[in-house]
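Structural overview for review
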Amino acid sequence: MAWRHLENREHASNDERRRAMMALIKAGTPVGIVAHAEGNTVGWCSVAPRETYRKLSQAQDDSEAGVWSIVCFYVPRASRGRGLASALLDAAIDHAFANGARTIEAYPVDQASPSYRFMDFREMFVARGFHEIGMAGSRRHVMRLQR
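The sections below set out a description of the structure shown in this document.

**Describing helix α1 (residues 14–26)**
Under the 1.5 Å per step criterion, the end-to-end length of α1 is 18 Å for 13 residues, consistent within 8% with the ideal 18 Å. Positive phi shows up at glycine 28, right after α1, with a value of about 85°.

Below you can see the structure in the form of C-alpha cells.
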C-alpha cells in the first residue's frame, strides 16, 4: 500500500493496510500479480493503472491515458538471486498490455541505491526495452515501455 491512496498512510497499521488492499481487490481494482511455486505464493509485483496510485513523480502527466505503473516487487530473501523478480517483471509486462496498457512506467533505482530497492534495479528494465524519461526524486529513474 506504500504507493496507494490511503488516509493517514504514515500511521496506518498493518491490519488497516491489509483491509484497504482487500477493499481494492473486492472493488475490482487491479493491484498486481503474484508468483506461485509448489502451491505457495512466492513473490509479488504491484502493477496497475497509474491512476490507482498516488502521484509517483512530480513530472507525471495525469492527462495521459493507458499508462500502467510497476511500483514494487516482493521476493523473499531466501528466493532472491534465482530470477524470480525477472519472471515477475515479464509477467507484469504481459499482464499490463493484455489488460489495456498502452504504456508501462516503472521507477527502478541503481544497484548501489540505499533506498527504494523494492522498486528493483534499472538494468532489469533496460534489458526489456524500457527507456528513461526522467527522474522521480534523486534515486528513482522514470522508465517507460510502449508497444
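**Some thoughts on the environment of arginine 9**
By secondary structure assignment, the location of arginine 9 is in the segment before α1. Each C-alpha atom of the pair arginine 9 and valine 109 lies 23 Å from the other, and the pair is 100 residues apart in sequence. Ignoring sequence-local partners within four residues, the contact set of arginine 9 consists of Met1, Ala2, Arg4, Arg17 and Arg54.

**What to know about the layout of surface pockets**
The computed volume of the largest pocket comes to approximately 360 Å³. The wall of the largest pocket is formed by 17 residues, among which Val75, Arg80, Ala85, Asp120 and Phe121 lie closest to the centre. Listed by contribution, the elements that provide at least two residues to the lining of the largest pocket are β3 (67–74) and α2 (84–98). Ranked by residues supplied to the lining of the largest pocket, first place goes to α2 with three residues. Taken together, the residues that form the lining of the largest pocket break down as eight nonpolar, five polar and four charged.

**Describing the sheet that holds strand β1 (residues 33–37)**
Here six strands make up an open sheet; going across it, the order is β1-β2-β3-β4-β6-β5 and the pairing mixed. Every other strand in the sheet has two partners, leaving β1 and β5 (131–136) as the edge strands with one partner each. With strand direction ignored, the average angle separating the axes of adjacent strands in the sheet is 25°. The pairing of strand β4 (residues 103–106) with strand β6 (residues 140–146) spans four bridges and is antiparallel. Bridged to isoleucine 104 within β6 is leucine 145. Along the sheet, α2 makes contact with β1, β2 (40–49), β3, β4 and β6, crossing β2 at roughly 40°.

**Observations regarding the environment of phenylalanine 73**
Take phenylalanine 73: it is sitting in strand β3. Between the C-alpha atoms of phenylalanine 73 and glycine 39, which are 34 residues apart in sequence, the distance is 20 Å.

What counts and how
Residues numbered from 1 in each chain as written. Predicted model: local features only at pLDDT ≥ 70, side-chain atom pairs only at ≥ 80, totals over all residues. Heavy atoms only, no water. Helix = DSSP H or I, 4+ residues; strand = E, 2+ residues; numbered from the N terminus. Expected span 1.5 Å × (residues − 1). Contact = heavy atoms within 4.5 Å. 1 Å grid on protein atoms, 1.4 Å probe; cavity = no way out; pocket = protein on both sides within 12 Å on 5 of 7 lines; lining within 4 Å. Points joined across faces, edges and corners; volume = space filled by probe spheres on them. Nonpolar A, V, L, I, M, F, W, Y, C, P; charged D, E, K, R; others polar. Pairing = 2+ DSSP bridges. Axes fitted to C-alpha atoms, helices over the stretch in contact; angles between N-to-C directions.

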